[in-house]
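What follows is the residue order along each chain.
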Amino acid sequence: MSEPTNARDGQAADESLITPAMQAAIGSEGEPVRVEISREVVRRMAEALDEDDPAILAAIDGDDPHPVVPSYALICILSHMSEMRVPDVPGHGLMAADDWTYLNPVRVGDRITVRPRVADIQERIGGRVGHSLFVRHEWICANQNGVEIARVRRTIAHYPERDPAGSA
Amino acid sequence: MSAPRTYAEIREGEELPPQERLPTHRKVLMFIGASWQWVPQFHEQATAERMGLEGPIVPGPARMAFLEQFLRRWLGGAGTLKRIHITHRRPDYHDRPITIGGTVTRKYEEDGGKLVDFELWIENQAGMPSVRGNATVTFD
């Protein structure tokens, strides 16, 4: 009787998905990512999210050149660009958890530097997506004055692509 | 938006009235464009299906933003969000309504500050949890 296999690579289901390259990536730090908080991007995000807070809308369209922006602006602007690539992880990933601690306000015009790190990789057998890898990323975000504005822990679940025939 | 709530007004165990929200395909695309998160499963049917999903999903950061907005509306703009932590239980899909809710779990003073903890959640149309989380708000 054959062992159950993963969808694409024929790997035994109880064989670890964590490769030496992945193991080596744990604890590694990536290149800093830099991004400016643009008023126009915040305005577009507020529109996409049907923002109705009069104070936020007034701040976005007001005369203050550096208004405080809602916390979600930071989450949304930094989200995609700050995740480090981890070698060998299956290509598909879904966000499993997100943990943001805000330390100081973020303003329009702030130039944010994110220092990313791969904090941990764990594997899980079973669950909604089957045999999968959970990669925990950590970011420290600081503004142009070196003041920390947020600390983030994000976990991404990676899993092999499903067989189109539905056998996985 | 409700009137700004004070720390004194908030009661432990108080329920935040649930609100329904419809993340339309158009609004999700606007969000992806604004935040430049062109992740295929957020907008491509074929990629979503290859990942075992029913269709393009609502991005996790958008769901986090929904919770933040929900909380701020209930607070009437009072307080400052100090921390938010969420776990994604199952995807939410474009053009399917979701319900957002929460509860006050604890209010306390710490290091001279006044804090309130909340439990937050999103449920899908079938009443299944898609996001569970908690947040801490500080008051002056």
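Provided above is the structure to which this section pertains.
Notes on the structure follow. Quantities reported herein were computed from a predicted structural model and do not represent experimental measurements. (Residues numbered from 1 in each chain as written. Chains lettered and ligands numbered in written order. Predicted model: local features only at pLDDT ≥ 70, side-chain atom pairs only at ≥ 80, totals over all residues. Heavy atoms only, no water.)

### Describing the interface of chain A and chain B
Quite often, the size of an interface is put as the accessible area lost when its parts meet.
Move 1: On the chain B side, the residues contacting the 36 residues of chain A number 38 residues.
Move 2: At the boundary of chain A with chain B, total buried surface from both sides reaches about 3100 Å², with 56% on carbon and sulfur atoms.
Move 3: The largest per-residue losses of area from chain A upon contact with chain B belong to Ala48, Leu49 and Tyr102 of chain A, which jointly make up 16% of the total buried on that side.
Move 4: Linking chain A with chain B are 5 salt bridges, by the criterion used here.
Move 5: With a shortest N-O distance of 2.5 Å, Arg83 of chain B and Asp99 of chain A are connected by a salt bridge.
Move 6: Where chain A meets chain B, there are 19 residue pairs in polar contact (both at pLDDT 80 or more).
Move 7: Listed by contribution, the elements that provide at least two residues to the side of chain A that touches chain B are helix H2 (39–48), helix H3 (54–61), helix H4 (71–78), strand S2 (92–102) and strand S5 (148–159) of chain A.
Move 8: With 11 residues, the top contributor of residues to the side of chain A that touches chain B is S2 of chain A.
Move 9: As paired strands, S2 of chain A and strand S2 (residues 80–88) of chain B are joined by 5 bridges and run antiparallel to one another. (Contact = heavy atoms within 4.5 Å. Buried area = accessible area lost by both parts, 1.4 Å probe. Salt bridge = Lys/Arg side-chain N within 4 Å of Asp/Glu carboxyl O. Polar contact = N/O pair within 3.5 Å; in protein donor to acceptor, adjacent residues only side chain to side chain. Helix = DSSP H or I, 4+ residues; strand = E, 2+ residues; numbered from the N terminus. Pairing = 2+ DSSP bridges.)

### Quick word on the nonpolar core
Move 1: One finds Leu74, Trp100 and Ile112 of chain A together with Ile84 and Phe118 of chain B to be the most contacted residues of the largest nonpolar core, which totals 71 residues.
Move 2: The greatest single-element share of this core, amounting to 9 residues, is contributed by helix H3 (residues 60–75) of chain B.
Move 3: Other than its neighbours up to four places away in sequence, Leu74 of chain A contacts Ile37, Trp100, Tyr102, Val106, Ile112, Ile149 and Ala150 of chain A.
Move 4: If you look at the next biggest cluster of nonpolar residues, it comprises 10 residues, including Leu17, Met84, Val89 and Val118 of chain A. (Core = buried A, V, L, I, M, F, W, Y, C linked by side-chain atoms within 4.5 Å. Buried < 20%, exposed > 50% of the residue type's maximum accessible area, 1.4 Å probe, protein only.)

### Some points on empty space enclosed by the protein
Move 1: The final tally for this structure, using the stated rule, is 1 cavity of 30 Å³ or more.
Move 2: Of the pockets and cavities examined, the largest cavity occupies roughly 80 Å³.
Move 3: Forming the walls of the largest cavity are Ala48, Leu49 and Asp50 of chain A together with Arg21, Leu22, Pro23, Lys27, Val28, Phe31, Ala62 and Phe66 of chain B.
Move 4: Elements supplying a minimum of two residues to the lining of the largest cavity: helix H1 (25–35) and H3 of chain B.
Move 5: It is H1 of chain B that provides the largest number of residues to the lining of the largest cavity, a total of 3 residues. (1 Å grid on protein atoms, 1.4 Å probe; cavity = no way out; pocket = protein on both sides within 12 Å on 5 of 7 lines; lining within 4 Å. Points joined across faces, edges and corners; volume = space filled by probe spheres on them.)

### Concerning the packing of aromatic side chains
Move 1: Counted under the stated rule, the structure contains 5 aromatic pairs over all chains.
Move 2: Here the aromatic cluster, defined as three or more aromatic residues joined through ring pairs, consists of Trp100, Tyr102 and Trp139 of chain A.
Move 3: Its guanidinium or amino end placed over the ring of Phe134 of chain A, Arg124 of chain A lies 4.1 Å from that ring's centre, counting from NZ or CZ.
Move 4: The ring of Tyr7 of chain B carries Lys107 of chain B above its face, with NZ or CZ at 4.4 Å from the centroid. (Phe/Tyr/Trp six-rings, centres within 6.5 Å; stacked < 30°, edge-to-face > 60°. Lys NZ or Arg CZ within 6 Å of the ring centre and 35° of its normal.)

### Some words on the environment of Leu49 of chain A
All names here are of chain A.
Move 1: Among the structural elements, Leu49 can be located in the loop between H2 and H3.
Move 2: Given a relative accessible area of 1%, Leu49 falls into the buried group.
Move 3: C-alpha separation for the pair Leu49 and Arg85, spaced 36 residues apart in sequence, amounts to 29 Å.

### Section: the layout of surface pockets
Move 1: Of the pockets and cavities examined, the largest pocket occupies roughly 1100 Å³.
Move 2: At the level of secondary structure, the elements contributing two or more residues to the lining of the largest pocket comprise S2, strand S3 (111–124), strand S4 (132–142) and S5 of chain A together with H3 and S2 of chain B.
Move 3: Sorting elements by how many residues they give to the lining of the largest pocket places S2 of chain A first, with 6 residues.
Move 4: Taken together, the residues that form the lining of the largest pocket break down as 21 nonpolar, 18 polar and 10 charged. (Nonpolar A, V, L, I, M, F, W, Y, C, P; charged D, E, K, R; others polar.)

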